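# Structural characterization, general
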Amino acid sequence: MVDSDSTILDVTATDADAALRSARRVLETEIGGLRALSDALDGGFSRAIDLIAAVSGRVIVTGMGKSGHIATKIAATLASTGTPAQYVHPGRSQPWRPRDDYSQRCDHGIVELRRDGRAV
């Protein structure tokens with residue numbers, strides 16, 4: 001019985017070592033991705049932040065598929081930090097309108113996330 005218990009412990013230790021190696025590999029991969037993202041930041045990022053900060057109405061965030069999932073998170077983050085924001089699915093049949101349908105000016109901003117990265 002002692003032999004079988006020690007075998008179980010050995011397997012568990014091996015699984016734990018494999019899990020640690022896997023976790024470290026994942027973290028190293030993510031670190032590499034964050035470094036690449038950091039290196040890619042340029043004046044366009046600052047301009048995007050300035051444009052979003054200048055919006056006096058709502059920030060409308062949109063995207064389809066995986067970009068849409070990320071867009072919902074961005075809209076929620078903006079809203080939770082005090083910036084009026086809303087996610088709108090791009091496939092909606094009617095365009096998004098401000099709550100005040102009688103508004104004569106547009107003070108809303110749109111952030112569109114696209115997989116191909118192109119700006120429109």
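Attention here is on the structure that accompanies the text. Just so you know, these numbers come straight off a predicted model, no measurement behind them.

### Topic: the nonpolar core
- With 6 residues, the main nonpolar core is built from Val 59, Val 61, Ala 71, Ala 75, Leu 78 and Ala 85.
- Sorting the residues of this core by element identifies strand 1 (59-63) and helix 3 (66-80) as the ones contributing at least two each.
- In terms of residues, this core owes the most to one element, helix 3, which gives 3 residues.

### Let's talk about the layout of surface pockets
- Of the volumes computed, that of the largest pocket is approximately 780 Å³.
- Lining the largest pocket we find 21 residues, and of these Ala 48, Ile 110, Val 111, Glu 112 and Leu 113 sit closest to its centre.
- The set of elements that each furnish at least two residues to the lining of the largest pocket consists of helix 2 (43-54), helix 3 and strand 3 (109-113).

### Some details on a nonpolar patch on the surface
- A cluster of nonpolar side chains, Leu 34, Leu 37, Leu 41, Phe 45 and Ile 49, forms an exposed patch at the surface whose accessible area comes to about 500 Å².
- Secondary-structure elements contributing two or more residues to the nonpolar patch are helix 1 (2-40) and helix 2.
- Among the secondary structure elements, Leu 37 is positioned in helix 1.
- According to the relative accessible area criterion, Leu 37 is exposed, its value standing at 52%.

### Focus: the pairing of strand 1
- Burial of strand 1 is extensive: 5 of the 5 residues sit out of reach of the surface.
- Residues Val 59, Val 61 and Gly 63 point to one face of strand 1 and Ile 60 and Thr 62 to the other, with burial holding for every one of them.
- Handedness of the crossover joining strand 1 and strand 2 (residues 85-87) through helix 3 is recorded here as right-handed.

### Quick look at the pattern of salt bridges
- For the structure on display, the rule yields 2 salt bridges.
- Across the pair Glu 112 and Arg 114 runs a salt bridge, and its minimum N-O distance is 3.8 Å.
- Exposure remark for Arg 114: the relative accessible area of 25% places this residue in the partly exposed category.
- The partner of Arg 114 in a salt bridge is Asp 116, with the nearest N and O atoms 2.9 Å apart.
- Accessibility expressed as a relative area gives 46% for Asp 116, which makes it partly exposed.
- Put simply, Glu 112, Arg 114 and Asp 116 are held in one network by salt bridges that share partners.

### A closer look at helix 3
- Over its 15 residues, helix 3 runs 21 Å from end to end, which matches the ideal 21 Å to within 8%, given 1.5 Å per residue.
- By the burial criterion, the buried members of helix 3 are Ser 67, Gly 68, Ala 71, Ala 75 and Leu 78. When helix 3 is viewed along its axis, its buried side chains cluster within an angular range of 90° and face the same direction. Exposed residues pointing more than 90 degrees away from the buried face of helix 3 are listed as Lys 66, His 69, Lys 73 and Ser 80.
- Against the buried residues of helix 3 lie strand 1, strand 2 and strand 3.

### Examining the sheet that holds strand 2
- Here 3 strands make up an open sheet; going across it, the order is 2-1-3 and the pairing parallel. Only two strands of the sheet have a single neighbouring strand rather than two, namely strand 2 and strand 3. Strand-to-strand twist in this sheet, taken as the mean axis angle between neighbours without regard to direction, amounts to 20°.
- Relative to strand 3, strand 1 runs parallel, the two being bridged by 5 bridges. Considered in strand 3, the bridge of Val 61 is made with Val 111.

Definitions and limits used
- Residues numbered from 1 in each chain as written.
- Predicted model: local features only at pLDDT ≥ 70, side-chain atom pairs only at ≥ 80, totals over all residues.
- Heavy atoms only, no water.
- Core = buried A, V, L, I, M, F, W, Y, C linked by side-chain atoms within 4.5 Å.
- Buried < 20%, exposed > 50% of the residue type's maximum accessible area, 1.4 Å probe, protein only.
- Helix = DSSP H or I, 4+ residues; strand = E, 2+ residues; numbered from the N terminus.
- 1 Å grid on protein atoms, 1.4 Å probe; cavity = no way out; pocket = protein on both sides within 12 Å on 5 of 7 lines; lining within 4 Å.
- Points joined across faces, edges and corners; volume = space filled by probe spheres on them.
- Patch = residues over 30% accessible without salt bridge, like charges linked within 9 Å, V, L, I, M, F, W, Y side chains within 5 Å.
- Areas by Shrake-Rupley, 256 points an atom, 1.4 Å probe, with all protein chains shown as cover.
- Salt bridge = Lys/Arg side-chain N within 4 Å of Asp/Glu carboxyl O.
- Right-handed = clockwise from strand over helix to strand, strands pointing away.
- Expected span 1.5 Å × (residues − 1).
- Arc of directions from axis to C-beta.
- Contact = heavy atoms within 4.5 Å.
- Pairing = 2+ DSSP bridges.
- Axes fitted to C-alpha atoms, helices over the stretch in contact; angles between N-to-C directions.

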